[in-house]
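# Observations on the model geometry
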Amino acid sequence: MEKLFIPSFPKTCLNYQIPAKVETSPETHPKSRKKSLSFVKKKQPNNNIITPEDQLDYLCRNGSLVEAEKALDSMFQQGTKTMKRSTYLNLLESCIDSGSVHLGRILHARFDRFPQPDVFVETKLLSMYAKCGCLDDARKVFDSMRERNLYTWSAMIGAYSREHRWREVSRLFCMMMEDGVLPDDFLFPKILQGCANCGDVETGKLIHSVVVKLGMASCLRVSNSILAVYAKCGELGLATDFFRRMEERDVVAWNSVLLAYCQNGKHEEAVDLVEEMEKEGISPGLVTWNILIGGYNQLGKCDAAMDLMQKMENFGVTADVFTWTAMISGLIHNGKRYQALDTFRKMFLAGVVPNGVTIMSAVSACSCLKILNLGSEVHSIAVKMGLMDDVLVGNALVDMYSKCGKLEEARKVFDSIKNKDVYTWNSMITGYCQAEYCGKAYELFIRMQEENVKPNIITWNTMISGYIQNGDEGEAMDLFQRMEKDGNVQRNTASWNLIIAGYIQNGKKDEALELFRKMQFSRFMPNSVTILSLLPACANLLGARMVREIHGCVLRRNLDAVHAVKNALIDTYAKSGDIGYARRIFKGMTTKDIITWNSLIGGYVLHGSYGPALDLFDQMKTEGIKPNRGTLSSIILAHGLMGNVDGGKKVFSSIANDYHIIPALEHCCAMVSLYGRSNRLEEALQFIQEMNFQSEPPIWESFLTACRIHGDIDSAIHAAENLFSLEPENPVTENLVSQIYALGARLGRSLEGKKPRKENLLKKPIGQSWIEARNLVHTFTTGDQSKLCTDVLYPWVEKLCRIDDRNDQYNGELMIEEEGREKTCGIHSEKFAMAFGLISSSREPKTIRILKNLRMCRDCHNTAKYISKRYSCEILLEDTRCLHHFKNGDCSCKDYW
């Protein structure tokens with residue numbers, strides 16, 4: 001572009017090359033020559049002998065190119081050194097008509113037979129290659145030409161236009177200008193079309209200035225093409241100014257400026273333009289209405305687009321297949337798939353025959369909605385219309401049958417597609433992977449490569465996802481490592497996200513977090529999907545350090561602008577023990593949705609802080625945010641922590657009465673906890689019976705907790721019998737039930753329920769605790785006999801027990817625990833973990849964080865309270881029941897867990 005120079009010249013002496021008129025003699029225009037050929041010798045003084053060139057002309061006119069090729073070879077073998085110009089042109093024209101590039105190449109090889117080849121012959125040779133689909137050969141001829149006139153440039157630009165290589169069209173114009181050859185009113189529109197389609201508005205502006213200097217601004221074809229460039233490149237201001245200055249405006253000009261308005265989202269202004277168009281006496285045509293309808297659909301205003309369809313009929317314009325297809329596609333893209341299928345039906349009733357894109361759109365709607373019957377009907381229509389050779393239709397059908405679980409039908413369609421592209425293979429592979437047939441998917445994966453179809457990134461990611469869903473992260477990792485080395489396909493962020501999510505899904509959180517670090521080290525940028533996959537893995541007390549690391553990545557990548565990421569951070573910080581930082585993020589958010597409020601309210605309830613939770617609930621209602629299921633269950637639990645039974649009952653009543661929500665299991669469990677904390681066990685049992693949730697184990701677990709805390713053995717036996725009938729194979733349940741039955745028998749209670757088998761009671765769950773120190777996670781088990789425990793931790797725990805002068809540790813509650821007593825199974829794992837947390841630090845730790853796999857026993861609970869007071873530290877311990885926050889001798893659970 002920098003080399004271009006537009007000379008300033010008067011209109012009377014334009015310095016651009018116009019090729020000389022082609023001669024009209026029979027020699028130059030063989031088609032116009034009327035010559036009778038006779039193969040019978042006439043008895044005349046000078047006999048007319050048929051020359052080889054005459055024979056070639058005859059064969060070309062009759063399309064006998066094979067014979068012409070033989071005759072040409074024979075002619076040169078007999079020593080012919082030159083060929084008539086007209087004969088050569090005839091042969092090239094025949095090659096173009098028949099698409100015979102083979103003969104064209106032979107002619108090109110004999111090009112040296114011309115003593116002085118002219119630009120017209122060279123241009124014809126170039127055109128032959130271009131129209132036979134050999135663009136590279138055409139370009140070689142073009143580059144080798146010593147002289148290029150306007151027709152030469154037109155032929156080359158036309159060739160690139162036919163191949164839709166618009167950027168090359170724009171470049172050729174620049175070269176043409178440098179050669180001092182200027183386009184005419186026929187070539188300018190082609191070049192401008194290239195600029196519009198490749199978004200090259202700068203070259204479009206340059207052409208605009210050249211057109212003005214050449215005095216072609218009044219040429220409607222050229223003006224419309226300039227307007228189209230501005231319109232398609234989104235230059236609404238330039239398009240509007242140019243449009244207003246046009247001396248003459250036809251329907252094409254109006255359509256272009258309408259397109260510009262629609263692409264810039266100004267659809268109301270576009271409608272106003274249609275009215276202005278009518279006032280100027282130009283009736284909106286079908287293309288005009290299609291532009292408006294397509295624009296409204298892209299903006300998501302499908303109802304307005306429907307109104308326009310009705311309006312166009314009032315104007316006497318009948319919707320065509322493109323109108324209906326645009327409407328159907330718009331409805332699908334905006335989530336209105338049922339309405340799209342109804343529109344498809346109306347299209348048939350209107351007598352409009354669908355095309356391949358219409359069928360593909362209808363099938364994709366059936367695929368998303370999993371409407372197999374209608375999808376099969378559309379399939380039948382495609383068969384009757386002969387559209388099954390359309391690869392887009394075939395791909396959509398494979399996808400539809402796969403999503404509907406009909407893999408055999410999907411495979412039949414797949415096998416019937418002749419020219420499969422990579423999307424065809426991907427659709428079938430995806431279907432097998434989703435059905436967990438990874439073996440068949442892998443067979444297709446190998447076969448597509450054998451058929452020279454290279455798997456793309458979607459293929460590899462689909463295979464990885466399939467193995468992940470099948471629980472085989474080993475095969476998934478193998479593919480993940482092979483895709484760059486063997487497949488020569490670079491991983492993308494989605495590849496990393498899949499493998500990370502897979503490891504998290506299969507419980508391998510540490511490996512997932514290590515992959516996250518490798519991802520960043522490999523200079524791949526995590527996105528919101530990466531963060532949202534990882535954060536749940538950190539939502540425990542051992543994830544506090546990792547969540548800060550992830551948060552740092554969020555800030556570096558500016559991902560905190562994603563609302564869902566901030567919501568997840570609030571939830572994760574709360575569950576990892578840092579409710580203060582969760583509140584800080586909450587306060588910094590300008591927009592808060594129901595998930596934002598629920599995350600922080602639930603966090604406060606988890607930490608036993610009912611006051612802030614209830615305050616947030618009131619604030620939330622004041623700001624007009626309507627509570628949902630999660631909010632209301634958290635608020636009932638908050639009232640339970642507060643001991644406000646009436647307040648909790650009022651909230652429960654509002655679930656159905658005020659918010660029109662059917663109470664679910666989590667609400668009923670919260671109500672049982674509410675009654676249980678206040679020792680209102682009869683009301684709790686009555687509530688369970690009234691709500692008809694007797695078949696849900698969590699209900700009886702909650703009720704059993706209340707019975708154990710308040711020492712009600714009869715209710716505990718009732719709860720245990722129901723719980724054991726629902727979960728007879730659960731080892732924790734069996735252990736608890738056996739203890740309750742044993743205690744009931746000692747107290748003389750009659751036991752009629754099913755009893756646990758003795759052999760199962762030998763398989764008691766073993767307590768395990770985990771604590772993080774100096775970036776390493778240490779594991780302790782109940783009765784741990786490791787050297788560290790026996791030499792260091794055990795003596796420390798024994799000394800602590802001697803110092804501890806606590807009273808009766810059970811205070812009237814039932815002595816029922818999930819793990820065995822320390823007298824029989826050894827010191828519990830959490831005591832080792834607490835001791836390690838205190839001893840391993842060079843300074844007194846402010847906070848000890850411990851994770852445990854079973855419910856904490858009463859004795860360990862009291863020990864934790866004592867340590868927090870004696871050593872002025874905070875202990876955060878998460879067991880299977882709740883998160884305990886020990887501080888100054890008290891626990892956030894209020895001794896109820």
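Here we summarise the structure given alongside this text. (Residues numbered from 1 in each chain as written. Predicted model: local features only at pLDDT ≥ 70, side-chain atom pairs only at ≥ 80, totals over all residues. Heavy atoms only, no water.)

Along the protein chain, the regular secondary structure elements total 46 helices and six strands. Taking all 897 residues of the protein chain together, 50% fall into the buried category. In the protein chain, the proportion of contacts linking residues at least 24 apart, taken out of those at least 6 apart, comes to 64%. A total accessible area of about 44100 Å² is found for the protein chain, and carbon and sulfur atoms account for 49% of it. (Helix = DSSP H or I, 4+ residues; strand = E, 2+ residues; numbered from the N terminus. Buried < 20%, exposed > 50% of the residue type's maximum accessible area, 1.4 Å probe, protein only. Contact = heavy atoms within 4.5 Å. Areas by Shrake-Rupley, 256 points an atom, 1.4 Å probe, with all protein chains shown as cover.)

A few words on the packing of helix α10 (residues 201-214) against helix α11 (residues 220-232). At a closest axis distance of 9 Å, the pairing of α10 and α11 adopts a crossing angle of 155°. Our classification of the angle between α10 and α11 gives roughly antiparallel. The two elements α10 and α11 meet at a crossing, and its hand is left-handed. Here Val201, Gly204, Lys205, His208 and Val211 of α10 come into contact with α11, specifically with Val222, Ile226, Val229 and Tyr230. (Axes fitted to C-alpha atoms, helices over the stretch in contact; angles between N-to-C directions. Parallel < 35°, antiparallel > 145°, perpendicular 65-115°, else oblique. Left-handed = near helix turned anticlockwise from the far one by under 90°.)

This part covers helix α38 (residues 681-691). Restricting attention to buried positions, one finds in α38 the residues Leu681, Ala684, Phe687 and Ile688. End-on, the buried residues of α38 take up no more than an arc of 120°, which puts them together on one face. The exposed residues of α38 that point more than 90 degrees off its buried face are Glu682 and Glu690. The secondary structure elements touched by the buried residues of α38 are α36 (645-657), α37 (665-677) and α39 (697-710). Following α38 by one or two positions, asparagine 692 has its phi on the positive side, about 60°. (Arc of directions from axis to C-beta.)

So, on to the nonpolar core. Ranked by size, the top nonpolar core spans 229 residues in total, and within it Met156, Phe188, Ile499, Ile500, Ile531, Ile550 and Phe703 carry the most contacts. If we skip the residues at most four places from it in the chain, isoleucine 499 touches Ile464, Ile468, Ala476, Met477, Phe480 and Leu515. Counting residues in each nonpolar core, the second largest holds 31 residues, with Trp796, Val797, Cys857 and Cys860 among its members. (Core = buried A, V, L, I, M, F, W, Y, C linked by side-chain atoms within 4.5 Å.)

Attention shifts here to unusual backbone geometry. You will see that asparagine 558, though not glycine, has its phi angle at about 60°, which is positive. The topology assignment puts asparagine 558 in the loop between α30 (544-556) and α31 (563-575). Look at asparagine 558 and you get exposed, because its relative accessible area is 58%. One non-glycine residue, histidine 660, adopts positive backbone phi at about 55°.

Close approach of charged atoms allows side chains of opposite charge to pair. According to the stated counting rule, one finds 35 salt bridges in the structure shown. Measuring nitrogen to oxygen at the nearest pair gives 3.3 Å for the salt bridge that ties aspartate 486 to arginine 482. Look at arginine 482 and you get partly exposed, because its relative accessible area is 21%. Where glutamate 772 meets arginine 545, a salt bridge forms, and the shortest distance between an N and an O atom there is 3.0 Å. On the criterion of sequence distance, the pair formed by glutamate 772 in strand β1 (residues 768-773) and arginine 545 in helix α30 is long-range, its members being 227 residues apart. Counted as one network, the salt bridges with shared partners bring together Arg139, Asp143, Glu168 and Arg171. (Salt bridge = Lys/Arg side-chain N within 4 Å of Asp/Glu carboxyl O.)

Scanning the model with the defined rule gives 17 aromatic pairs in all. Relative to phenylalanine 242, the ring of tyrosine 230 has its centre 6.3 Å away and its plane inclined at 70°; by these criteria the two rings are edge-to-face. Here tyrosine 230, found in helix α11, pairs with phenylalanine 242, found in helix α12 (residues 236-245); they are 12 residues apart in sequence, far enough to count as distant. Both residues of the pair, tyrosine 230 and phenylalanine 242, count as buried. Ring geometry for tyrosine 442 versus phenylalanine 445: centroids 5.9 Å apart, planes at 35°, classification tilted. Of this pair, tyrosine 442 and phenylalanine 445 are both found in helix α24 (residues 438-450), three residues apart, which corresponds to roughly one turn of the helix. Residue tyrosine 442 is classed as partly exposed on the basis of its relative accessible area of 27%. (Phe/Tyr/Trp six-rings, centres within 6.5 Å; stacked < 30°, edge-to-face > 60°.)

Read across the sheet, six strands follow the order β2-β1-β3-β4-β5-β6 without closing on themselves; strand pairing throughout is mixed. Two strands close off the open sheet at either side, each with one partner strand: β2 (776-781) and β6 (890-891). Note that β1 and β2 share six bridges and pair antiparallel. Across the sheet, residue alanine 773 finds its bridge partner in β2, namely leucine 776. (Pairing = 2+ DSSP bridges.)

Further remarks concern a negative patch on the surface. A cluster of acidic residues, Glu268, Glu269, Asp272, Glu275 and Glu278, forms a negative patch on the protein surface. Within the secondary structure layout, glutamate 275 lies in helix α14 (residues 267-279). (Patch = residues over 30% accessible without salt bridge, like charges linked within 9 Å, V, L, I, M, F, W, Y side chains within 5 Å. Lys, Arg positive; Asp, Glu negative; His and termini not counted. Charge placed at Lys NZ, Arg CZ, Asp CG, Glu CD.)

What makes a disulfide is a covalent bond joining the sulfur atoms belonging to two cysteines. Counting across every chain of the model gives zero disulfides. Sulfur of cysteine 134: no disulfide; nearest cysteine sulfur belongs to cysteine 132 and is 6.4 Å away. (Disulfide = S-S within 2.5 Å.)

What follows concerns the environment of isoleucine 803. Inspection of the secondary structure puts isoleucine 803 in helix α43 (residues 787-803). Residue classification places isoleucine 803 among the partly exposed positions, given a relative accessible area of 35%. Among residues more than four places away in sequence, those in contact with isoleucine 803 are Tyr866 and Arg870.

Checked against the element boundaries, aspartate 320 lands in the loop between α16 (302-314) and α17 (321-333). The charged side chain of aspartate 320 is buried without a salt bridge, its nearest counter-charge being lysine 232 at 16 Å. At 3.5 Å, the side chain of aspartate 320 forms a polar contact with the side chain of asparagine 290. Side-chain polar atoms of aspartate 320 contact the backbone nitrogen of phenylalanine 322, separated by 3.2 Å. When sequence neighbours within four positions are dropped, the list of residues in contact with aspartate 320 reads Leu286, Asn290 and Val352. (Polar contact = N/O pair within 3.5 Å; in protein donor to acceptor, adjacent residues only side chain to side chain.)

Another aspect to go through is the packing of α14 against helix α15 (residues 286-298). In helix packing, the relevant descriptors are the interaxial angle and the interaxial distance, both defined with respect to the helix axes. Relative orientation of the contacting elements α14 and α15 amounts to 165°, with a least axis distance of 10 Å. By the angle between their axes, α14 is roughly antiparallel relative to α15. Handedness of the α14/α15 crossing: left-handed. For the pair α14 and α15, the contacting residues are His267, Glu268, Ala270, Val271, Val274 and Met277 in the first and Thr288, Leu292, Gly295 and Tyr296 in the second. Here the contact of α14 with α15 is built from residues that sort into six nonpolar, three polar and one charged. (Nonpolar A, V, L, I, M, F, W, Y, C, P; charged D, E, K, R; others polar.)

This brings us to a nonpolar patch on the surface. A contiguous nonpolar surface patch, about 200 Å² in accessible area, is contributed by Leu788, Val792 and Ile839. Relative to the helices and strands, isoleucine 839 is located in helix α45 (residues 829-839).

We now examine the environment of arginine 677. Mapping arginine 677 onto the fold places it in helix α37. Along the chain, arginine 677 and leucine 641 lie 36 residues apart, while their C-alpha atoms are 7.5 Å from each other. Here arginine 677 is in contact with Gly640, Leu641, His710, Cys893, Lys894 and Tyr896, once residues within four sequence places are set aside. Within the structure, arginine 677 has its side chain in polar contact with the backbone oxygen of cysteine 893 (distance 3.3 Å).

As a further point, take helix α40 (residues 713-726). Compared with the 20 Å implied by 1.5 Å per residue over 14 residues, the 20 Å span of α40 between its first and last C-alpha is a close match. Considered for burial, the residues of α40 that qualify are Ile713, Ser715, Ala716, Ile717, Ala719, Ala720, Asn722, Leu723 and Phe724. On its buried face, α40 sits against α39 and α41 (731-746). (Expected span 1.5 Å × (residues − 1).)

To continue, consider the pairing of strand β5 (residues 883-887). Of the strand pairs in this sheet, strand β4 (residues 874-878) and β5 are connected by five bridges, and their pairing is antiparallel. Paired with leucine 877 across the strands is histidine 884, a residue of β5. Between β4 and β5, which pair antiparallel and follow one another directly, the connecting turn spans four residues. Relative to β6, β5 runs antiparallel, the two sharing two bridges. Within β6, the position partnered with lysine 887 by the bridge is aspartate 890. From the end of β5 to the start of β6, which pair antiparallel, there are two residues, and asparagine 888 there has a positive phi angle of about 55°.

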